[in-house]
Amino acid sequence: MSKNNDELFKNVTGHAKEYGFVFQSSEIYDGLSAVYDYGQLGAELKNNLKTYWWKSMVQMNENIVGIDSAIFMHPKIWKASGHVDGFADPMIDNKDSKKRYRADNLIEDKIARYEKDGKTDKAAKLQADMDEALNADDLPRLKVLIEEHEIVCPVSGTRNWTEVRQFNLMFSTQMGAMAEGSDEVYLRPETAQGIFVNFLNVQKSGRMKIPFGIAQIGKAFRNEVIARQFIMRMREFEQMEMQFFVRPGTEMEWYKHWKDARLKWHLAIGTPAEKYRYHDHVKLAHYANAAVDIEFEFPFGFKEVEGIHSRTDFDLSQHQQFSGKKMQYFDNELNEEGKPYGNYIPYVIETSIGLDRLFLLTLCNAYEEQDLSTDEKQDSRTVLKLHPTLAPIKAAVLPLTKKDGLPEKAREIMDKLKLDFNMQYDEKDSIGKRYRRQDAIGTPFCITIDHQTLEDHTVTIRHRDSMDQERVAASELDQIIGKLVSWKNLLN
Ligand code: ATP
């Protein structure tokens, strides 16, 4: 990360804490590593991001429905899905510092250093060697690469490494009152399996016809070996996943459809297109026949935000085998056409986005430090240019002074608007300072009540981004704001 980007990222995370977006979990006890809490404004922004996703998936698509499955599930599910045996990262310990690392992360850092030093051939060769080792699950080879490239522990600076071992990322706990004889259950590492095991419940009760999708938003837990970059990699996080069930043989068509549709969804928020890129997977997961990531350029580089995976019929077939229950769909249309295979296990295209990474992306993209100095005076502001529909507070009501009946008039306006919108009332400090406070939390509109309001019932609306002000009738405020923060502005 260059110095500028390093500083920018520090400022964004500092801002997130200072204004109540994100706090370190258990902070007064010195924190819990890779776990975070969302504060009063963070919770609002997160809810709005969820609503945006839910509406665009479930409300806008007649053939997609949403569910909310439990975090605890039968432990056999994770055997069937491959997580018990295969959901692991290669880790390595440094014997001097006693620090644990992901072996692939150490190598990636070395590749980045080679690139920075202009040693592009060396970087490319190491990347290829690492991909090959990861593809073959060849742990000794990863160790050899670490040794050959003289990778040192960032803490101790030594090369005194253990062997590379697999480390399962699932958290487990006991279900039932007695530890002895009770079952070990897992905290789900992804929400997708809750959808797969309910596939026939939803299909039958909702009379769904293929192609159709099931969407879900919920917590997932992974005991990540290392935590990095604030809320980018957490041990407790939230996913928004959609499984789209299709006829076998049509999956590539749908894969392309969702790959395009998901990028469009990101761009609708107003993020510049050059900040996004696709990254095709070289190493495919055991269940996939095609996979691509949507990556966003964070201050620390391009990183995955969302995955689109063609998961074949792997999961449903596994659940059919492990549960002994048929997971087949009867395709009436195929049957009518007289084609064989009217009964089949559907193929699945999955879209899977991390809500916390989307949150971080949104903050990084919205954060701007502006120099507003003129010849006469120095001035600056920090503004969060959030899409108005996503902003935690839609508008602030500000009486120009604390006297002459202005607060009473302002309260009257506030009480009416809060029936429809999340509002803030503020009468403390100068109007300029109050505008800056609202800029810093991304409030798109400030409504100022002044002496003219008492005479003709008009107010000013100040727009966050342009800082322009216009005078409008107080009676029209709900319509004006309603239009500016409507979900229509995002869902079109
Ligand atoms: P990574 O390679 O970064 O570990 P992944 O490929 O394991 O991610 P998936 O299993 O495809 O991730 O999960 C889908 C999405 O969930 C990711 O695109 C990401 O946005 C989010 N996600 C995964 N792990 C975490 C985590 N530890 N913290 C926050 N979000 C996460």
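Residues numbered from 1 in each chain as written. Predicted model: local features only at pLDDT ≥ 70, side-chain atom pairs only at ≥ 80, totals over all residues. Heavy atoms only, no water.

Draft legend 1. Just the pairing of strand 21 (residues 445–449), in detail. Of all five residues in strand 21, five are buried; the element is thus mostly enclosed. Neither face of strand 21 is left uncovered, since the one carrying Phe445, Ile447 and Ile449 and the one carrying Cys446 and Thr448 both have all their residues buried. Both strand 19 (residues 395–399) and strand 21 contribute to a ladder of five bridges, which runs parallel. The partner of leucine 398 across the bridge, within strand 21, is threonine 448. Here strand 21 runs beside strand 22 (residues 458–463); their pairing, made up of four bridges, is antiparallel. Each bridged residue has a counterpart across the sheet, and for phenylalanine 445 the counterpart in strand 22 is histidine 463. (Buried < 20%, exposed > 50% of the residue type's maximum accessible area, 1.4 Å probe, protein only. Helix = DSSP H or I, 4+ residues; strand = E, 2+ residues; numbered from the N terminus. Pairing = 2+ DSSP bridges.)

Draft legend 2. Focus on the packing of aromatic side chains. Summed over the entire model, instances satisfying the criterion amount to 15 aromatic pairs. Both rings, one in phenylalanine 212 and one in phenylalanine 245, keep their centres 5.4 Å apart while their planes meet at 35°; by these two values the pair is tilted. With phenylalanine 212 in strand 9 (residues 212–221) and phenylalanine 245 in strand 10 (residues 236–246), this residue pair connects regions lying 33 residues apart in the sequence. One exposure class covers both phenylalanine 212 and phenylalanine 245, and it is buried. Aromatic rings pair up to connect Phe9, Tyr276, Phe296, Phe298 and Phe300 into one cluster. Sitting over the face of the ring of phenylalanine 167, arginine 100 holds its NZ or CZ atom 5.7 Å from the ring centroid. The ring centre of tyrosine 435 lies 4.4 Å from the NZ or CZ of arginine 462, which sits over that ring. (Phe/Tyr/Trp six-rings, centres within 6.5 Å; stacked < 30°, edge-to-face > 60°. Lys NZ or Arg CZ within 6 Å of the ring centre and 35° of its normal.)

Draft legend 3. Here's a closer look at the site of the ligand. Inspection of the region around the ligand gives 14 residues, with Glu224, Arg233, Met234, Glu304 and Val305 positioned closest. Residue glutamate 304 places a side-chain N or O atom 2.7 Å away from an oxygen atom belonging to the ligand. Within the backbone of valine 305, a nitrogen or oxygen atom sits 2.8 Å from an oxygen atom of the ligand. Calculation on the ligand without its partners gives an accessible area of 590 Å², and the protein chains cover 84% of this total. The set of elements that each furnish at least two residues to the shell around the ligand consists of strand 10, strand 13 (301–312) and strand 16 (347–354). The leading source of residues in the shell around the ligand is strand 13, at four residues. (Near = heavy atom within 4 Å. Polar contact = N/O pair within 3.5 Å; in protein donor to acceptor, adjacent residues only side chain to side chain. Areas by Shrake-Rupley, 256 points an atom, 1.4 Å probe, with all protein chains shown as cover.)

Draft legend 4. Layout of the sheet that holds strand 11 (residues 276–280). Taken together, seven strands build an open sheet; the order of strands is 3-9-10-16-13-12-11 and the sheet is mixed. Unpaired on one side and paired on the other, strand 3 (64–67) and strand 11 mark the two borders of the sheet. Strand-to-strand twist across the sheet, computed as the mean angle between neighbouring axes with direction ignored, equals 25°. Here nine bridges tie strand 12 (residues 290–298) to strand 13, and the two strands are oriented antiparallel to one another. Its bridge partner being in strand 13, alanine 291 is matched across the sheet by histidine 309. (Axes fitted to C-alpha atoms, helices over the stretch in contact; angles between N-to-C directions.)

Draft legend 5. Geometry of helix 14 (residues 406–417). Taking 1.5 Å of rise per residue, the twelve residues of helix 14 would be expected to cover 16 Å, and the 17 Å separating its terminal C-alpha atoms lies within 8% of that figure. Among the residues of helix 14, Leu406, Pro407, Lys409, Ala410, Ile413, Met414 and Leu417 are the ones counted as buried. The buried residues of helix 14 occupy one face: seen down the axis, they fall within an arc of 160°. For helix 14, the exposed residues set more than 90 degrees away from the buried face come down to Glu408 and Glu412. On the buried face of helix 14, the contacting elements are strand 19, strand 20 (423–425), strand 21, helix 16 (451–456), strand 22 and helix 17 (477–484). (Expected span 1.5 Å × (residues − 1). Arc of directions from axis to C-beta. Contact = heavy atoms within 4.5 Å.)

Draft legend 6. Representation of the packing of helix 6 (residues 120–135) against helix 7 (residues 139–148) in the model. Running from amino to carboxyl end, helix 6 crosses helix 7 at an angle of 160°, the nearest separation of the two axes being 8 Å. Between helix 6 and helix 7, the angle falls in the class roughly antiparallel. Relative to helix 7, helix 6 is oriented so that their crossing is left-handed. Residues Leu126, Asp129, Met130, Ala133 and Leu134 of helix 6 touch helix 7, and the partners they reach there are Arg141, Leu142 and Leu145. Its residues placed into classes, the contact of helix 6 with helix 7 shows six nonpolar, no polar and two charged. (Parallel < 35°, antiparallel > 145°, perpendicular 65-115°, else oblique. Left-handed = near helix turned anticlockwise from the far one by under 90°. Nonpolar A, V, L, I, M, F, W, Y, C, P; charged D, E, K, R; others polar.)

Keep in mind these numbers describe shape, not what the thing actually does.
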